[in-house]
Amino acid sequence: MIKRCDHPGCGKAGIIRAPKNRHLTEFWMFCRTHAAEYNKNWNYYANMTPAEIEADWERQMFGDTINRAGSSPNPHQVKFINDFVLGRDTSGDQYPVSRPLPTGVVTALKTLNLPLTATLGEIGNRYRTLAKKYHPDIATDHHDATEFTKISDAYDVLRRHFSSKK
Ligand SMILES: [Zn+2]
């Protein structure tokens, strides 16, 4: 069912989901025009860089809300809001269709120290950098070998996840 744009008096279809507040508990549905307008006026992150915004959402995900798992945003929401706040096009996004980022994928991204929004290209680059650093042929101590296994496993998880998406 397609909802009307929530902007008063607008008769177009509401196709873009916009957060009513930073807690992501409620959303507006806007047409493209009004979503853009709303986005421009949504100043919560006005003085933050994209990196700071992503860090803020990461903190919410993995930091102080960890004991209130029921109320913290899921990774899909985090990606959505990052995209929205940073002005990326969210119209083609699958949110909120139930394809949440599996826990294993989130863990793998954390292992590689990547944001939840990382692309396969970024993941590959990070993997190559870390693999060079910890590769058993180069690394000498045992801890590094363990680290290499962890990184490789994480990369496998992510590669599988991304290639099954299409
Ligand atoms: Zn509208």
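Everything discussed here concerns the structure shown above.
Fair warning: this is a prediction, and the values are worked out from it, not measured in the lab.

1. Looking at the environment of Asp144
Secondary-structure assignment places Asp144 in helix H6 (residues 142-163). Asp144 sits in the buried class, given a relative accessible area of 16%. Sequence separation between Asp144 and Lys133 is eleven residues; the distance between their C-alpha atoms is 8.5 Å.

2. Looking at the packing of aromatic side chains
Where two aromatic rings form a pair, the distance of their centres and the angle of their planes describe that pair. One pass over the structure, following the stated rule, counts two aromatic pairs. A centroid spacing of 6.0 Å and a plane angle of 25 degrees characterise the contact between Trp28 and Phe30, whose relative ring orientation is stacked. Residue classification places Trp28 among the partly exposed residues on the basis of a relative accessible area of 31%. Both rings, one in Tyr127 and one in Tyr155, keep their centres 4.1 Å apart while their planes meet at 5 degrees; by these two values the pair is stacked. With Tyr127 in helix H5 (residues 120-134) and Tyr155 in helix H6, this pair connects stretches of sequence that are 28 residues apart. For the pair Tyr127 and Tyr155, one class covers both residues: buried.

3. What to know about unusual backbone geometry
When glycine is set aside, most residues are seen to have a negative phi, and most peptide bonds are trans. The phi dihedral of Asn113 falls on the positive side, at around 55 degrees, and the residue is not glycine. Among the structural elements, Asn113 can be located in the loop between helix H4 (103-111) and H5. What makes Asn113 exposed here is its relative accessible area of 59%.

4. Regarding the side chain of His34
Note on placement: His34 falls in helix H1 (residues 32-41). Ignoring anything within four residues of it in the chain, the contact list for His34 reads Cys5, His7 and Cys10.

5. What about the coordination of the zinc ion?
Octahedral metal centres with six donors ideally show angles of 90 or 180 degrees, and tetrahedral centres with four donors ideally show 109.5 degrees. Only Cys5 (SG), Cys10 (SG), Cys31 (SG) and His34 (ND1) from the protein coordinate the zinc ion, and they sit 1.9 to 2.4 Å from it. Of note is the zinc ion, whose four donor atoms meet at the metal with angles of 100 to 115 degrees in an arrangement that counts as tetrahedral. Of note, the zinc ion draws all its donor residues from one chain, in the sequence arrangement C-x4-C-x20-C-x2-H. Taken together, the positions of Cys10 in the segment before strand S1 (16-19) and Cys31 in the loop between strand S2 (27-30) and H1 put the pair 21 residues apart, joining distant regions of the chain. Since its relative accessible area comes to 15%, Cys10 is described here as buried. On the basis of relative accessibility, which here comes to 3%, the residue Cys31 falls in the buried class.

6. A few points about the pattern of salt bridges
All chains considered together, the criterion is met by three salt bridges. Across the pair Asp6 and Lys3 runs a salt bridge, and its minimum N-O distance is 2.8 Å. Residue Asp6 is classed as partly exposed on the basis of its relative accessible area of 24%.

7. Description of H4
For H4, the full list of buried residues reads Val105, Val106, Ala108 and Leu109. Along the long axis of H4, the arc covered by the buried residues comes to 160 degrees, so they all point the same way. One or two positions beyond H4, positive phi appears at Asn113, with a value near 55 degrees.

Criteria and cut-off values
Residues numbered from 1 in each chain as written. Predicted model: local features only at pLDDT ≥ 70, side-chain atom pairs only at ≥ 80, totals over all residues. Heavy atoms only, no water. Helix = DSSP H or I, 4+ residues; strand = E, 2+ residues; numbered from the N terminus. Buried < 20%, exposed > 50% of the residue type's maximum accessible area, 1.4 Å probe, protein only. Phe/Tyr/Trp six-rings, centres within 6.5 Å; stacked < 30°, edge-to-face > 60°. Contact = heavy atoms within 4.5 Å. Donors = N, O, S within 2.8 Å, 3.2 Å for Na, K, Ca; no water. Tetrahedral: all angles 85-135°; square planar, octahedral: opposite > 155°, others 65-115°. Salt bridge = Lys/Arg side-chain N within 4 Å of Asp/Glu carboxyl O. Arc of directions from axis to C-beta.

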